[in-house]
Structures are given as C-alpha cells and as structure tokens.
Amino acid sequence: MDVTVKFLGGAGAVTGSKYLIDLGEFEFLVDCGLYQGNRELRDRNWDKFPMPPMEMEAIVLTHAHLDHIGYLPKLVKQGFSGPIYCTEATAELAKILLLDSGKLQEEEAEYARKKGYSKHDNPQPLYTQEDAEAVFPKLVPQEFERPFSIHPDVTVTYYHAGHILGASIVKIVVKGKEQEKKLVFSGDLGRYHDPILYPPSRIPKADILWIESTYGDRVSPPVKPEDELGRAIRDTFDRGGLVIIPAFAVGRTQMVMYYLFQLMEKGKIPKAPIFLDSPMAINATKLYLDFKNDHQLSAVLEEDGNHPFDHSQLHYFQKQEQSRSLNEYRGNAIIISASGMATGGRVLHHLFHHLPEEKNGVIFVGYQAEGTRGRRLLDGEPEIRIYGREVPVKAKIYQIDGLSAHADQNELMDWAEGFIEKPKIAFIIHGEEKSASTLGQKLHDELGWQTILPQYLESFLLFENI
C-alpha cells in the first residue's frame, strides 16, 4: 500500500486546515476547516473541492474551531456521507459553532443584500443553518486515549492537546502488509501552564509528523497574562471608559472569565459589570460543566459560592435586544463578545458604536490573522470598515499575548523534544510563512529533523509499498 497526503488547507496559512490521506482504496480527511482572514484566502471556501466529496470515506477532527471544522457543512452538502470522528466535547462544541457559523453567514449575506455592499447582485451564504444541522448525525464521538478503528488497517487515538475543550493530538496507525506506520497530527497545541486545560500530551514516536506553527516565531513575554489584562482594564476604567474584549466563544472566553473573576476577587480591578454577549459562548461555557474530566476546573466549580462562570458581576446576554442595549452604554463595564478576530458576530456592533470614543479600550486576547479586522486594529489603522462604513478608531487598542490559546515557540519545541525518535518528515503547518519557516529551521538546527513547509494543494508520497 502507498500512502500519500494532499494539503487542501492549513499550508502556508493559519486557517482552512484540511489534510487528505490517501491509502489507495481508502481516503480520509484530517480536519475540514474554513478559510478565514484576507479575501484571497476566504475565496478558497468557494472553490470547487479538489476531489469528489462522496469518494472520501471518513473525516478525523482535531478540535472544534471553525478553521478546523467550518467547511464540514459545505462538504456534506456536496455529497460527503461518511462518519466524522472527534472527541466527545468536540462533537458538542461542533454543533454549537457550526450552527452559529451558518446563522452568521445567512445574516451577513442578507445584510450585504440589503445594504448593497457585496460585489454580487444576490449574495448567498456559503452554507445555512440547515446545512450545518446535516453534519450532526455524522459526528461519531470518541474518548481520549482509547484507540478506535476507522478502517481495518487504520487505528486512531486521541490525546489531550490543551488549546480548547476537547482539543486533541491525533495519532493514526496505518497497518500495511509487513509494517505499521504512525502518523501524528499535533492539531493546535495549548499552553503548558493553562489554569483550565490539561497540558499537551507527550507522544513518543511518529514516522510522519504534522506540527502547527501559529506562534512558531515568537516567545510569549515572561509576564503573568492576568497582570497585563488587569493593567489594560484599570487603564481604561481610569479614563471612564468601557472595555470590549473580542474573544473566541470557545476557550478564550472561558479563560478571560476565569482571569476577570480572579482579578476582581483579589481586588486588582474594580468590580464592574461583565457582559458575556454571545449565545454561542454561553452555550460553550455550559459544556465545561458537562465535561469535567476534560479540564482542571472541577475543584473550583464544585466549591460553594461564586465561581468564574457564576457570580454577581457576570451577566449572560442571549437576546439581541440585550446586546443592542449595550450600544449606548457609558461608564465602566466589560463586554466579552465574539468573534475573536472581529471578523463577524455581535462584537462588530460594539466596535461600531464604541471605537470612535477615546476613553474606551479594546483588548485582543488571541492571535489575529493577516487580513482580519483584529490585525488591522493592532496595526494601528485609523479607520476600520464595518457594515460598509468607515469607523474612526479612537479607542485605545491593547494586546495580551499571554492569553493566547496556542503554544509559543518554546512550548512547541518542548513538545517536539518529547519524541524519543526523529520523525522521518515533520510537516510545518497551520502558520503564516514567517512563523512556519522559523519553527522549521529551529527544529532542523536543534533537533536534526527533516522539515518541510508544504504549500496549498501540494502532494507528497509518505510511504511506498508498506
């Protein structure tokens, strides 16, 4: 049996992760992500899929972020009918995120149609909520560290990756006539000292490795992220302003809620209303109670009295009328809303109304991909286009790197050093060119690895006649 891989995404970019593994008679996809970021990347979501989707027999997911699962509804709509394997928490998060994604795309297409700022006369969503729901019956939840078979010759095992609830490192064992080969996908690796999630698991052996490189060229500052967050909030509150925190609904939102609770309890920031304005984030937060074995917060959540997800300052806003009421809010308060890169969602309304005021603050707590509004705000652009209008940026923009969900360069290297044997090939994926090339060179120089930076739609023969 020959084994090949084709890079349908996550190569030369941080989004759109899709890796097609071909064993000849059995083809399956690892991750099925949506392209986000600049127009050139987003346009790939509309391209014809490089193979007939009905010919693929399975999909294996690493975790539930849209850049790893967000293309599933379109693929199913185009004819994919096989099982979609994932961890138990990922299955539940995927339902929340995909349904929300379909809803947002419907809303954005309708808004563009009304306002006439699309280049298309009748703009259509990439997929709908109904398309998203069609994915749900195909999800096949699996436990961590319990091998399962997706084919008589292919066994998969999930290991904790940190990053977000349910996120996994994927080990795939392919059994040939004479030998076995191990394929390991890092997925997105989390931090080693995350107060909520378990650290990434060590994997001793991989014949072929796919390792993410989102932060492959940078080291997180040696400061406590909660201290930096506290400083930015105090700075904004001292001006009489309001804080907006664009945060991904899964992972970063819960981390921010944890730190805000700690900061207020310790008296490091004034007690002020916290508005969690994201139905998706609210639903995701509830899953931390359902999957207590997947994180380290169980002891905190079981204590009597307040905890990070239930205290007097915290207000959950599900309804749009509640969200709109914040447009005119003035004074000290904290609004947490998605999306984390300000590419869509309710946070755009808050930015639209509050960016023009100098006293306000916007705190970014995660990675901002090239081409996103978040990156443009961090780059200091004086105006940002929202809903077809140029909005002046007067509010102060902050970035807290230490709250990123991604391992930094040191942590990626630390994880790589856990392999007791060198992989035959290490593909450097899910990173922009600079971060990927920097990590690849470092792995080569310090560990002696053969590293490859694959390009979009590039294919490689991994094994021949195994």
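1. Notes on the packing of aromatic side chains
A full pass over the atoms with the stated rule returns 19 aromatic pairs. Note on Phe275 and Tyr329: the rings are 5.6 Å apart at their centroids and 70° apart in plane angle, and the pair reads as edge-to-face. In this pair, Phe275 sits in strand S13 (residues 274-276) while Tyr329 sits in the loop between helix H10 (320-325) and strand S15 (334-337), placing the two residues 54 residues apart along the sequence. Assessed through its relative accessible area of 7%, Phe275 is described here as buried. On the basis of an interplanar angle of 50° and a centroid distance of 5.9 Å, the ring pair of Phe352 and Tyr387 is categorised as tilted. Placement of Phe352 in helix H11 (residues 347-354) and of Tyr387 in the loop between strand S17 (383-386) and strand S18 (389-392) is noted, with a sequence separation of 35 residues between them. The burial state of Phe352 is the same as that of Tyr387; both residues are buried. In this structure an aromatic cluster arises from ring pairing among Phe7, Tyr19, Phe185, Trp210, Phe427 and Phe460. For the cation-ring pair, Lys18 lies above Tyr71, with the distance from its terminal atom to the ring centre recorded as 4.7 Å.

2. Topic: the side chain of Asp31
Note that Asp31 resides in the loop between strand S3 (27-30) and helix H1 (39-43). The side chain of Asp31 is buried and forms no salt bridge, while Lys18, the nearest opposite charge, is found at 10 Å. Looking at Asp31, its side chain comes within polar contact range of the side chain of His68, at 2.7 Å. If sequence neighbours within four positions are ignored, Asp31 has contacts with Ser17, Lys18, Tyr19, Val60, Leu61, Thr62, His63 and His68.

3. Here's the deal with the layout of surface pockets
In this structure, the second largest pocket spans a volume of roughly 350 Å³. Gly12, Ala13, Leu41, Glu432 and Glu433 are, among the 21 residues lining the second largest pocket, the residues nearest its centre. Listed by contribution, the elements that provide at least two residues to the lining of the second largest pocket are H1 and helix H14 (433-447). Its residues assigned to classes, the lining of the second largest pocket shows nine nonpolar, seven polar and five charged.

4. Regarding helix H7 (residues 252-265)
Between its first and last C-alpha, H7 extends 20 Å over 14 residues, near the 20 Å set by a 1.5 Å rise per residue. Burial of H7 is extensive: twelve of the 14 residues sit out of reach of the surface. Along H7, the residues that are buried comprise Arg252, Thr253, Gln254, Met255, Val256, Met257, Tyr258, Tyr259, Leu260, Phe261, Leu263 and Met264. Buried positions along H7 lie against helix H6 (225-238), strand S12 (243-246), S13, helix H8 (279-290), strand S14 (314-316) and S15. Two residues or fewer past H7, Gly267 is found with a positive phi of approximately 75°.

5. A closer look at the sheet that holds strand S5 (residues 84-87)
A sheet is described by the order of its strands in space; here seven strands give the open sequence S6-S5-S4-S3-S2-S1-S22, paired in mixed fashion. Edge positions in the sheet fall to strand S6 (139-142) and strand S22 (459-463), since each has one partner strand and no second. Each strand of the sheet is rotated relative to its neighbour by a mean of 25°, with strand direction disregarded. On the sheet, helix H4 (residues 88-115) packs against S5 and S6 and is oriented at approximately 110° with respect to S5.

6. Details of the nonpolar core
Across soluble globular proteins, nonpolar side chains show a tendency to be buried alongside one another. Phe28, Trp210 and Phe427 are the most contacted members of the largest nonpolar core, which has 132 residues in total. Take this core: its biggest share by element is eight residues, from H7. Discounting chain neighbours no more than four positions away, the residues touching Trp210 are Val5, Phe7, Tyr19, Ile21, Leu183, Val184, Phe185, Ser186, Phe427, Ile429 and Leu462. Formed by 22 residues, the second largest nonpolar core is a distinct cluster that contains Leu242, Ile335, Val362 and Ala395.

7. Observations concerning the pattern of salt bridges
If you walk through the whole model with that rule in mind, you get 23 salt bridges. Between Glu110 and Arg113 there is a salt bridge, and its shortest N-O distance comes to 2.3 Å. You can see Glu110 and its partner Arg113 sitting in helix H4, three residues apart, about one turn around the helix. Taking the relative accessible area as the measure of exposure, Glu110 reaches 35% and is therefore partly exposed. Residues Glu421 and Lys205 are paired through a salt bridge, measuring 3.7 Å at the closest nitrogen-oxygen approach.

8. Side note on the packing of H4 against H8
Where H4 contacts H8, the axes come no closer than 10 Å and their chain directions differ by 180°. For the element pair H4 / H8, the angle class is roughly antiparallel. Taken together, the residues of H8 that come into contact with H4 (itself represented by Glu92, Leu93, Ile96, Leu97 and Asp100) are Met280, Asn283, Ala284 and Leu287. For the contact of H4 with H8, the residue count by class is six nonpolar, one polar and two charged.

9. A short note on the sheet that holds strand S20 (residues 425-429)
Across the sheet, seven strands lie side by side as S7-S8-S9-S10-S11-S20-S21; this open sheet has mixed pairing. Only two strands of the sheet have a single partner each, and these edge strands are strand S7 (148-151) and strand S21 (451-452). Relative to strand S10 (residues 180-185), strand S9 (residues 168-175) runs antiparallel, the two being bridged by six bridges. Pairing of Lys171 across the sheet is with Val184, part of S10. Each of S9, S10 and strand S11 (208-212) is contacted by helix H13 (residues 409-416), which is oriented at about 160° to S11, the strand it contacts most. H14 contacts S11, S20 and S21 of the sheet and is inclined by roughly 155° relative to S20.

10. Regarding the pairing of S12
Look at any regular strand and the pattern is simple: side chains alternate between the two faces of the sheet. Of the two faces of S12, the one carrying Val243 and Ile245 and the one carrying Ile244 and Pro246 are both buried. Looking at chain direction, S12 and S15 are connected through four bridges and run parallel. Along S15, the bridge assignment pairs Val243 with Ile334. Here S12 pairs with strand S16 (residues 361-364) via two bridges, running parallel. Along S16, the bridge assignment pairs Val243 with Gly361.

Cut-off values and rules
Every chain begins its residue count from 1, and numbering advances along the sequence as written. The predicted origin of the model limits local features to residues at a pLDDT of at least 70 and limits the giving and counting of side-chain atom pairs to 80 or more, whereas totals for whole chains, interfaces and linings rest on all residues. The basis for every side-chain value is the complete set of non-hydrogen atoms in the structure, without hydrogens or water. Here a pair means two rings of Phe, Tyr or Trp (six-membered ring of Trp) with centres within 6.5 Å. Their orientation is stacked below 30 degrees between planes, edge-to-face above 60, and tilted elsewhere. The numbering of helices and of strands both runs from the N terminus, where a helix is a DSSP run of H or I of at least 4 residues and a strand a run of E of at least 2. The buried label applies to any residue whose accessible area, calculated with a 1.4 Å probe on protein chains only, is under 20% of its type's maximum; exposed applies above 50%, and partly exposed to all values in between. For a lysine, the NZ atom is tested; for an arginine, the CZ atom; a charge sits over a ring if that atom is within 6 Å of the ring centre and within 35 degrees of the ring normal. Within this scheme the basic residues Lys and Arg register as positive and the acidic residues Asp and Glu register as negative, but His and the chain ends are omitted. Salt bridges are counted wherever a side-chain nitrogen of Lys or Arg sits within 4 Å of a carboxyl oxygen of Asp or Glu. Pairs of N or O atoms are called polar contacts if they sit within 3.5 Å, as long as, within protein, a hydrogen donor faces a hydrogen acceptor (for residues adjacent in sequence, only side-chain-to-side-chain pairs). Whether two residues are in contact is decided by their heavy atoms: any pair within 4.5 Å suffices. Only protein atoms enter the calculation, which uses a 1 Å grid: trapped sets of points that fit a 1.4 Å probe without letting it out are cavities, open sets showing protein on both sides within 12 Å along at least five of seven lines are pockets, and any residue with an atom within 4 Å of a point is a lining residue. Grid points are joined across faces, edges and corners, and a volume is the space filled by probe spheres set on the points. Basically, the charged four are Asp, Glu, Lys and Arg, the nonpolar ten are Ala, Val, Leu, Ile, Met, Phe, Trp, Tyr, Cys and Pro, and anything else, Gly included, counts as polar. Here a helix's expected span is defined as the number of its residues, less one, multiplied by 1.5 Å. When DSSP finds at least two bridges between two strands, those strands are taken to pair. Axis lines are fitted through C-alpha atoms, for helices just across the contact stretch, and the angle between N-to-C directions can take any value from 0 to 180 degrees. Among the buried residues, those of types Ala, Val, Leu, Ile, Met, Phe, Trp, Tyr and Cys that are joined through side-chain atoms within 4.5 Å form a nonpolar core. The labels follow the angle: roughly parallel below 35 degrees, roughly antiparallel above 145, roughly perpendicular from 65 to 115, and oblique for the rest.

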